[in-house]
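Letter by letter, the chains look like this.
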Amino acid sequence: MRALAALALLTLAGCLDDFPAAPALVPDADAPLADADQRPPPPPPGDGAPAADVGPDAAPGIDAGPCPPERCNGRDDDCDGRVDELEPEPCVVGRGACQRSGRLRCVEAAVICDAQPGVPATEACNRVDDDCDGTTDEGFVDVPDLCAAGVGRCERSGDWICGDGGEIECVAEAGPPQDEACNAADDDCDGAVDEGLGLGSACVAGLGRCTRDGVTACGPDADVICVGETGEPAPERCDGADEDCDGAVDEDFQVGAACAVGRGACERPGVRACGPDGEGVCVGEPGLPVAEQCNDVDDDCDGAIDEDDTCALYVVQQCRVWLGTADVGAVPNRPQPAWDGCPAAERDWDGAVRCTSTRGTGRFYAVPLVGDVDDNDALGVAFTCGGAVPALDAWMQRHCEVFLGHADGLGPGAVEALDPASCAGHVPAGFAPNPRCVRSQGDGLFHPMWLRGDVDENDSFGIALRCQDDARPDRAAGLQASLVARFAWQFRDRGVVFECSAGASALLDDTDDWSGCPREGVDNSGTRRCASSTGDGRLHAFEIGDRHDVEVCSGFGISLDRRAP
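Residues numbered from 1 in each chain as written. Predicted model: local features only at pLDDT ≥ 70, side-chain atom pairs only at ≥ 80, totals over all residues. Heavy atoms only, no water.

A. Here's a closer look at the sheet that holds strand β12 (residues 268-274). A sheet is described by the order of its strands in space; here three strands give the open sequence β11-β12-β13, paired in antiparallel fashion. Of all the strands in the sheet, the pair left with one neighbour each is β11 (258-261) and β13 (280-283). The mean inter-strand angle of the sheet, taken between neighbouring strand axes irrespective of direction, is 50 degrees. When β11 meets β12, the two strands line up antiparallel, connected through four bridges. Among the inter-strand pairings, Ala258 is bridged to a residue of β12, identified as Val271. (Pairing = 2+ DSSP bridges. Helix = DSSP H or I, 4+ residues; strand = E, 2+ residues; numbered from the N terminus. Axes fitted to C-alpha atoms, helices over the stretch in contact; angles between N-to-C directions.)

B. Representation of the nonpolar core within the structure. Core analysis: the largest hydrophobic core is formed by 54 residues, its most contacted members being Phe383, Met396, Leu404, Phe461, Leu479, Phe487 and Phe556. Counting residues per element, this core draws most heavily on strand β22 (residues 483-490), which supplies five residues. Residue contacts for Leu404: discarding those within four places in its chain leaves Leu323, Leu379, Gly380, Val381, Arg436, Cys437, Val438, Met449, Gly462, Ile463, Phe487 and Leu539. Counting 11 residues, the second largest nonpolar core, distinct from the first, contains Val331, Trp339, Val353 and Trp450. (Core = buried A, V, L, I, M, F, W, Y, C linked by side-chain atoms within 4.5 Å. Buried < 20%, exposed > 50% of the residue type's maximum accessible area, 1.4 Å probe, protein only. Contact = heavy atoms within 4.5 Å.)

C. The arrangement of the confidence of the model for the protein in detail. Averaged over the protein, the pLDDT score is 83; the fraction of residues at 70 or greater is 85%. Counting interchain partners and residues more than four positions distant, the pLDDT-below-50 stretch residues 1-62 has 35 contacts. Note that pLDDT drops below 50 for residues 494-499; the model gives that stretch eight contacts with residues more than four away or on any other chain. (pLDDT = per-residue confidence, 0-100.)

D. View of the state of the cysteines. Enumeration according to the criterion identifies 19 disulfides in this entry. With a sulfur-sulfur separation of 2.0 Å, Cys319 is cross-linked through a disulfide to Cys385. Every disulfide takes its handedness from the sign of the S-S torsion; for Cys319 and Cys385 that torsion is 105 degrees, giving right-handed. Of this pair, Cys319 sits in strand β14 (residues 319-326) while Cys385 sits in strand β17 (residues 378-385); the two residues are 66 residues apart in sequence, bridging distant segments of the chain. (Disulfide = S-S within 2.5 Å.)

E. Representation of the pattern of salt bridges within the structure. Applying the stated criterion to the full structure yields 16 salt bridges. Here Arg82 and Asp80 are joined by a salt bridge, their closest N and O atoms 3.2 Å apart. A salt bridge links Arg439 to Glu401, with the shortest nitrogen-to-oxygen separation between them at 2.7 Å. Placement of the pair is Arg439 in strand β19 (residues 436-439) and Glu401 in strand β18 (residues 400-408), with a sequence separation of 38 residues. Overall, Glu401 belongs to the buried group, its relative accessible area being 13%. Salt bridges sharing common partners tie together Arg209, Arg237, Asp239 and Glu243. (Salt bridge = Lys/Arg side-chain N within 4 Å of Asp/Glu carboxyl O.)

F. Structural detail: the environment of Val204. Its location among the elements puts Val204 in strand β8 (residues 202-205). Take Val204: its relative accessible area is 54%, and that puts it in the exposed class. Note: C-alpha distance between Val204 and Gly228 (24 residues apart in sequence) is 7.9 Å.

G. Just helix α3 (residues 390-399), in detail. Taken together, the buried positions of α3 are Leu392, Asp393, Trp395, Met396 and Gln397. Those residues of α3 hidden inside the fold are in contact with α2 (312-318), β14, β17, β18 and α5 (473-482).

H. A look at α5. Listed as buried for α5 are Arg475, Ala476, Gly478, Leu479, Gln480 and Ser482. Of the surrounding secondary structure, the elements contacted by the buried residues of α5 are α2, α3, β18, β21 (459-467), β22 and β26 (555-562).

I. Focus on the pairing of strand β24 (residues 528-532). For β24, the buried fraction is high: four of the five residues fall into the buried class. Relative to β24, β22 is paired through five bridges, and the arrangement is antiparallel. The residue of β24 that forms the bridge with Ala488 is Cys530. With two bridges joining them, strand β23 (residues 522-523) and β24 adopt antiparallel strand pairing. Bridge assignment links Asp523 to a residue of β24, and that residue is Cys530. Hairpin connection between β23 and β24: a loop of four residues separates the two successive antiparallel strands, and Gly526 in this loop has a positive phi of roughly 65 degrees.

J. Looking closely at unusual backbone geometry. A cis amide bond links Cys342 with the next residue in sequence, Pro343, at an omega value of 10 degrees. Structurally, Pro343 is set in the loop between β14 and β15 (353-357). Put simply, Asn434 and Pro435 share a cis peptide bond, and its omega is 0 degrees. Counting through the fold element by element, Pro435 comes out in the loop between α4 (412-416) and β19. Of note in this structure, Arg127 is not a glycine but carries a positive phi near 60 degrees. With respect to the secondary-structure elements, Arg127 resides in the loop between β3 (110-113) and β4 (148-149). One non-glycine residue, Asp250, lies in the positive phi region at around 55 degrees. Relative to the elements of secondary structure, Asp250 occurs in the loop between β10 (224-227) and β11.

Below, the structure is given as structure tokens:
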């Protein structure tokens, strides 16, 4: 029957030479039949017409195009005269223990796997999906208990699995053990906590004199400590014991350190040690004291340098108070290094500027005046030191000052009321201030003070000597108290005839006393008057008085000496 149908189709094809060949309507008798669900799907829309025959038997007059790859569709896509001749490929069906392997085949235009899955079995604890549901060992390893390995700090968590023998096993790896620490934990992973540390043993708590009985326990840093009520610490003493309980003995006293014993010239090296009263002492042998000398050294080792009147003689002999007088316009109104021939000479009595100085003897030295004295005249004062000890000389000149004061018509009290600290370095010409004062200022220069008005019987003059040094108050105070500076005036003695213009005069010069001075602090009597500093650093003054004028051939005197005890 199939042979007859094929013959009929060939005959029909011969008659229709001008038309393309129609597709086969009956499948090959030798091809296996596909299941209903494996039959080829219907052709897509627009593809209902039979494909043109492009094979070797194509009808004449029709162009043969390229052949596509063969597909599983019941057609000869690649034009080789065969239908659905695809190469079989591997395939898998089923899950777990039911999984099987086969080959993909094209059957009745459908691709199918020729394998059949296995039959599910009851799930067993064997790490296999026996019941083929996609889950392995369910019902065996899904237990709520934790799975872990190791003890103490070595314990680590893990997972439950089924072993080779069908039993449940825990898969976990214990951590490495450590040395046991005192921390209430099992560090060495042997199941015991803080073993081998001797906890609870008798011990001594605290340090030094605070030690008391206690027991061992764990401390905050995982170390073994001694726990117990300790004594109360006390201030540390230098006695070889730990009173403040800090583990150190006599730590505040520098025991064994180098030190010095004695003071001043007696100072010698020593070593720090503990004294009998619990205080630190310097142990050593000091030098022997000697009499104090004015040398910037504590010779008598009492902690004071050149104290009391030690340097008074040095100042008298090595320092100079300079006194000058000047007529109108003869000197500038500012400090100067020299007034006429002074300080190159000890005195200069010539010309409009005259000067004199103390000379290390404690005696009075005078300077005569030129013409009548009024507001066009000036007094000048300087203080210089130049002995064998330059550092000592510099200190004396810098820290000791001489002050001169003047008042017109106000009396000596007005001068004495002046504060030496307010005295200026120079006082310019004019009628103010009244009273007025000038200071040597420690620079070795002459400092001028212009006088006020006509200098006559109602004028007063004063002097002060003051030594100050905040760093060396002992030396300054002792020097001020042991020195005396004196300022004097002498009116012309009318009973004595002399020629002032020739420079000769009856002025007292290079003399031990000047009227009542030095026996008196102030002498306001007769034609010779004087005032002395008294060691208090204040100004002390005398008044001209008794209708005397300060004029030509009268003069002033100056003295520097040690004060009588």
